[in-house]
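# Summary of the model geometry
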Protein chains: 2
Amino acid sequence: MSDVYSYPASMRRLVNELSKLPSIGLKSAVRLAHALIEPSNSAAEELAGAIVNARKSLRYCEECFSLTESALCSVCEDDARSRATICVVEKPSDLISIERSGDYNGLYHVLHGLWSPMRGVEPSAVRINELAARLEKLGCVEEVILATSTTVEGDATAMYIANMLKDQDVRVTRLAQGLPMGGELEYADELTLSHALAGRQAID
Amino acid sequence: MSDVYSYPASMRRLVNELSKLPSIGLKSAVRLAHALIEPSNSAAEELAGAIVNARKSLRYCEECFSLTESALCSVCEDDARSRATICVVEKPSDLISIERSGDYNGLYHVLHGLWSPMRGVEPSAVRINELAARLEKLGCVEEVILATSTTVEGDATAMYIANMLKDQDVRVTRLAQGLPMGGELEYADELTLSHALAGRQAID
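Residues numbered from 1 in each chain as written. Chains lettered and ligands numbered in written order. Predicted model: local features only at pLDDT ≥ 70, side-chain atom pairs only at ≥ 80, totals over all residues. Heavy atoms only, no water.

Right, let's talk about the overall build of chain A for a bit. Along the backbone of chain A there are eight helices and six strands. Seen along its three principal axes, the alpha-carbon backbone of chain A occupies a region of about 65 × 50 × 35 Å. When burial is assessed residue by residue, chain A has 42% of its 204 residues classed as buried. For chain A, the proportion of contacts with a sequence separation of at least 24, taken over those separated by at least 6, is 47%. (Helix = DSSP H or I, 4+ residues; strand = E, 2+ residues; numbered from the N terminus. Buried < 20%, exposed > 50% of the residue type's maximum accessible area, 1.4 Å probe, protein only. Contact = heavy atoms within 4.5 Å.)

Listed below in structure tokens is the structure:
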């Protein structure tokens, strides 16, 4: 905080709080603080209100743990969504990404984290047990799509869940790995190419 | 906002308010919003409080227009600071930068903007007239240091102020332009080099 030593106390406090946000360093925090205290910036009070309001209003869906303002989220409440498929994602923003594709009509399950021995996160710390309980309760799930990231932790979590479900009468799938749309072969890394080759499909 | 259409309303509102901040795009706003609504993140309420508190507590110094929580800022209140020099800066953070150098013991004058015909900002919209009034009121100022940026607008504003003060019995100076500390000649741009050459100094 040596950079801001001559600011008044309330400014230092604001800079300090802003710099706790992810990927906001001290320089960004000072710049944001200046914007927020600008007298003509009426949006600053709006922001403070929006933070308090969001923290008061938002909770996790009792069924799938995605964000909602009621007991159940809009997906779980929607009778038109198929109860036969559950798509498992790491975090609420991943759910939004899949919804944006417009190609999925089943339910979700948000883990809120990934199994990470490296960072000391146990499977029980993310909502994996809740997934097992939910499959039992629903009783009609035919497929569980593991849509965690293709990172070490994402893969490990997917394998852990697949292993947990292997004795149950449910199809467990993983999102296809391969070349991204518009991806040029020349710039694809070796691992992506191996996956693309291994997962190659017949053209009908 | 199409990216966040499936979020609950209070989340959309928070993302919307965050994306109004300078250099915070939609993706950053979503990431920040997720951090802010994280139930374990008690700093979120602190941030909301800090925003409200800063906007309530902070005002501009009646003399120099820098940030303060009282009528006068800590510099203007300090009897040990010389009243013979006024350093003119664009914004409060510039004042902090100069204070950090530890080499200045005079007063400041914060313009809160620069003269910019391109963006339709008149000299009267920044606190230039207040500077003239202040010089008259103080009556003891021997030097005005123009410490605006070395940009087109910063230079234009400095020239405007120098012209305004040319009939007064006061020395008007501009911060030296030249190579920055640790600057390699090889990477210096032409304009910086011209200024460095033109401002070259005899070694005693």
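Text resumes after the structure shown.
With that settled, the discussion passes to the domain arrangement of chain A. Parsing chain A into structural domains produces domain 1 (4-57) and domain 2 (70-202). In this structure, domain 1 of chain A and domain 2 of chain A have C-alpha centres spaced 36 Å apart. (Domains from an automatic or database assignment.)

Sheets are built from strands that pair by backbone hydrogen bonding, the pairs being arranged parallel or antiparallel. All names here are of chain B. Judged by pairing direction, the sheet is parallel, and its four strands sit side by side in the order β4-β3-β5-β6 without closing on themselves. Since the sheet does not close on itself, it has two edges, and those belong to β4 (107-110) and β6 (171-174), each with one partner. Across the sheet, the mean angle from the axis of one strand to that of its neighbour is 25 degrees, orientation sign disregarded. With four bridges joining them, strand β5 (residues 143-146) and β6 adopt parallel strand pairing. Bridge pairing in β6 places V144 opposite V172. Relative to the sheet, helix α6 (residues 128-138) contacts β3 (85-89), β4 and β5, its axis offset from that of β4 by approximately 155 degrees. (Pairing = 2+ DSSP bridges. Axes fitted to C-alpha atoms, helices over the stretch in contact; angles between N-to-C directions.)

Here we come to the sheet that holds strand β6 (residues 171-174) of chain A. Residue and element names in this part refer to chain A. Spatially, four strands are ordered β4-β3-β5-β6 in an open sheet, and the strand pairing comes out parallel. Each edge of the sheet is formed by a strand with only one pairing partner; in this case those strands are β4 (107-110) and β6. Neighbour to neighbour, the strand axes of the sheet diverge by 25 degrees on average, direction disregarded. Note that strand β3 (residues 85-89) and strand β5 (residues 143-146) share four bridges and pair parallel.

Note on the identical chains: chain B maps onto chain A by a rotation of 180 degrees and an axial translation of 0.1 Å, with an RMSD of 0.1 Å. These values place the two chain copies in the arrangement generated by a two-fold rotation axis. Identified as the residue of chain B closest to the rotation axis by C-alpha distance is A48(B), at 2.2 Å. The overlap is high: 100% of the interface residues of chain B also sit at the interface in chain A, so the same surface is used on both sides. (Least-squares fit on C-alpha atoms with pLDDT ≥ 70 in both.)

Glancing now at the confidence of the model for chain A. All names here are of chain A. Per-residue confidence for chain A averages 89 on the pLDDT scale, and 98% of its residues sit at or above 70. When mean pLDDT is compared element by element in chain A, β4 scores highest at 96, while helix α8 (residues 190-198) scores lowest at 82. Scored as a complex, the prediction yields pTM 0.77 and ipTM 0.78. (pLDDT = per-residue confidence, 0-100.)

Residue and element names in this part refer to chain A. By secondary structure assignment, the location of T192 is in helix α8. Reaching out from T192, the side chain makes a polar contact with the side chain of D189 at a distance of 2.6 Å. Beyond its immediate sequence surroundings of up to four residues, T192 is in contact with G178 and L179. (Polar contact = N/O pair within 3.5 Å; in protein donor to acceptor, adjacent residues only side chain to side chain.)

Looking now at the interface of chain B and chain A. Each side of the interface is counted separately: chain B has 51 residues, and chain A has 51 residues. Summed over both sides, the interface of chain B with chain A buries roughly 4700 Å², with 66% coming from carbon and sulfur. By the criterion of area lost to chain A, the three top residues of chain B are I51(B), R55(B) and I96(B), representing 14% of everything that side buries. Counting every contact that joins chain B to chain A gives two salt bridges. Note that E45(A) and R55(B) form a salt bridge whose closest N and O atoms lie 2.9 Å from each other. Counting every contact that joins chain B to chain A gives 16 residue pairs in polar contact (both at pLDDT 80 or more). Listed by contribution, the elements that provide at least two residues to the side of chain B that touches chain A are α1 (9-18), α2 (26-37), α3 (43-57), β2 (67-68) and α5 (92-101) of chain B. In terms of residue count, the dominant contributor to the side of chain B that touches chain A is α3(B) (14 residues). Looking at the side of chain B that touches chain A, its residues break down into 28 nonpolar, eleven polar and twelve charged. (Buried area = accessible area lost by both parts, 1.4 Å probe. Salt bridge = Lys/Arg side-chain N within 4 Å of Asp/Glu carboxyl O. Nonpolar A, V, L, I, M, F, W, Y, C, P; charged D, E, K, R; others polar.)

Residues E143(B) and I145(B) of β5(B) are buried on one face, and the alternating residues V144(B) and L146(B), pointing to the opposite face, are buried as well. In this fold, β5(B) hands off to helix α7 (residues 152-164) of chain B, which returns the chain to β6(B); that crossover is right-handed. (Right-handed = clockwise from strand over helix to strand, strands pointing away.)

Attention now goes to α1(B). Those residues of α1(B) not exposed but buried are S10(B), M11(B), L14(B), V15(B), E17(B) and L18(B). Down the axis of α1(B), the sector holding all buried residues measures 165 degrees, keeping them to one side. Buried positions along α1(B) lie against α3 (43-57) and β2 (67-68) of chain A together with α2 of chain B. (Arc of directions from axis to C-beta.)

The phi dihedral of F65(A) falls on the positive side, at around 70 degrees, and the residue is not glycine. A relative accessible area of 13% means that F65(A) is categorised as buried.

Quick look at the packing of α6(B) against α7(B) now. The relative placement of two packed helices is expressed as an angle between their axes plus a distance between the axes. Residues and elements named next belong to chain B. Look at α6 against α7: their axes get within 11 Å of each other, and the N-to-C directions meet at 35 degrees. Relative to α7, the crossing made by α6 is right-handed. In contact with I128, L131 and A132 of α6, α7 contributes T157, Y160, I161 and M164. Of the residues contributing to the contact of α6 with α7, the split by class is six nonpolar, one polar and no charged. (Left-handed = near helix turned anticlockwise from the far one by under 90°.)

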